[in-house]
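Reading the structure
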Amino acid sequence: MPLNTPLPTHVTLVDVGPRDGLQNEAQPVAAADKVALVHRLQDAGLREIEVTSYVSPKWVPQMADAAEVMAGIRRPAGVRHSVLTPNMKGFEGALAARADEVVIFAAASEAFSQRNINCSIAESIERFRPVAEAARAHGMKVRAAVSCALGCPYQGEVPIAAVDDVVQRLLDIGSDHIGIADTIGVGTAQRVQRVMEAAMKRVPLAELSGHFHDTYGQALTNIYACLELGIHTFDASVAGLGGCPYAKGATGNVATEDVVYLLHGLGIATGIDLDKLVDAAAFISGALGRKPVSRVANALLAKRQNT
């Protein structure tokens, strides 16, 4: 990509905090607080929100209130509410809840797939085929995530060819959107660009996104590397919600506030009100009894106190 290639003028952020962030919390979070968080994100200008997950409460007890949360949220025009649906039972819940989009996932690492869901990558994707087909039949968008695309906690480096293969398989079963996820946050800028360049050969730019964890402090750098390629959709998590289970004590999802601060500093529009976003971060962090992980949120909250 030439150095003088202009950066995108607008970026879409998908806030995954209510689902991917809160599902990692050990302490219970009230459904009312989850609903309030979604409303605050909407009020701040977020138009893509991953609300919850229709999974077995045995495995993810934090998401046991999925139906209650989806029933409680306001549905303003122009906001897309997505839910994770790992199987047809989950899809039935998503359909009943009138979700706009279902999220499916597959690992680019065979070792990760075997260790986490006890089946091969190919088998895992075939399990999602009926989910994707049913979603499209009901007019719901299908967003697919490729996890461990930049590295695996079990096998280490993941070949770009393996990522490319999973991308094509997910497209083949009917996925509308592909997200490249650095699940353990080990990716660095050059490697991220190489993985994304491969994906761009198969996926339209408007339907390709990045999902970066900040385990090693590289998430913002990796997002900038994607911007240089013209990629303009990213996942992020309000207040930096969500840890990394494979690196004890490490941060997980990049904080939405930090990404917005970067983008606005580059003159890139997001449609997001940073002050209201910080309010949302303070709200959910207060409910959890701790400060936000986000450096921008903490800095702006401290600035408010001082003034």
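Everything discussed here concerns the structure shown above.
These lines cover the structure that appears in this document, whether it is placed above or below. (Residues numbered from 1 in each chain as written. Predicted model: local features only at pLDDT ≥ 70, side-chain atom pairs only at ≥ 80, totals over all residues. Heavy atoms only, no water.)

A few words on unusual backbone geometry. The phi dihedral of Arg98 falls on the positive side, at around 60 degrees, and the residue is not glycine. Residue Ala239 is not a glycine yet carries a positive backbone phi of 65 degrees. Position of Ala239 among the secondary structure elements: in the loop between strand 8 (233–236) and helix 10 (256–265). (Helix = DSSP H or I, 4+ residues; strand = E, 2+ residues; numbered from the N terminus.)

Turning to the pattern of salt bridges, a few remarks are in order. In the structure shown here, the tally under the stated rule is 17 salt bridges. A salt bridge links Asp65 to Lys34; the nearest nitrogen and oxygen atoms lie 3.0 Å apart. Here Asp65 is found in the loop between strand 2 (48–53) and helix 3 (66–72), whereas its partner Lys34 is found in helix 2 (residues 31–43), with 31 residues between them in sequence. The pair formed by Asp65 and Lys34 is uniform in burial state, with each residue classed as buried. One salt-bridge network, held together by shared partners, links Arg19, Asp20, Glu50, Glu101, Arg143 and Asp235. (Salt bridge = Lys/Arg side-chain N within 4 Å of Asp/Glu carboxyl O. Buried < 20%, exposed > 50% of the residue type's maximum accessible area, 1.4 Å probe, protein only.)

Now for the nonpolar core. Counting 89 residues, the largest nonpolar core has Val146, Leu170 and Ile180 as its most contacted members. When residues no more than four places from it in sequence are discounted, the contact partners of Leu170 are Ile104, Ala106, Ile125, Ala144, Ala145, Val146, Ser175 and Ile178. (Core = buried A, V, L, I, M, F, W, Y, C linked by side-chain atoms within 4.5 Å. Contact = heavy atoms within 4.5 Å.)

It is worth spelling out the environment of Val14 at this point. Mapped onto the secondary structure, Val14 falls in strand 1 (residues 12–15). As for Val14 and Ser113, which are separated by 99 residues in sequence, their C-alpha atoms are 25 Å apart. When sequence neighbours within four positions are dropped, the list of residues in contact with Val14 reads Glu48, Arg143, Thr233, Phe234, Asp235 and Ala236.

With that settled, the discussion passes to the sheet that holds strand 3 (residues 80–84). Taking strand neighbours around the barrel as the criterion, the 8 strands line up as 1-2-3-4-5-6-7-8 in a closed arrangement whose pairing is parallel. Between one strand and the next, the sheet's axes are offset by a mean angle of 30 degrees, whatever the strand orientation. In this structure, strand 1 lies alongside strand 8, joined through 4 bridges in parallel fashion. Looking at strand 8, one finds that Thr12 is bridged to Thr233. Taken strand by strand, helix 2 contacts strand 1, strand 2 and strand 3, and its axis lies near 170 degrees from that of strand 2. (Pairing = 2+ DSSP bridges. Axes fitted to C-alpha atoms, helices over the stretch in contact; angles between N-to-C directions.)

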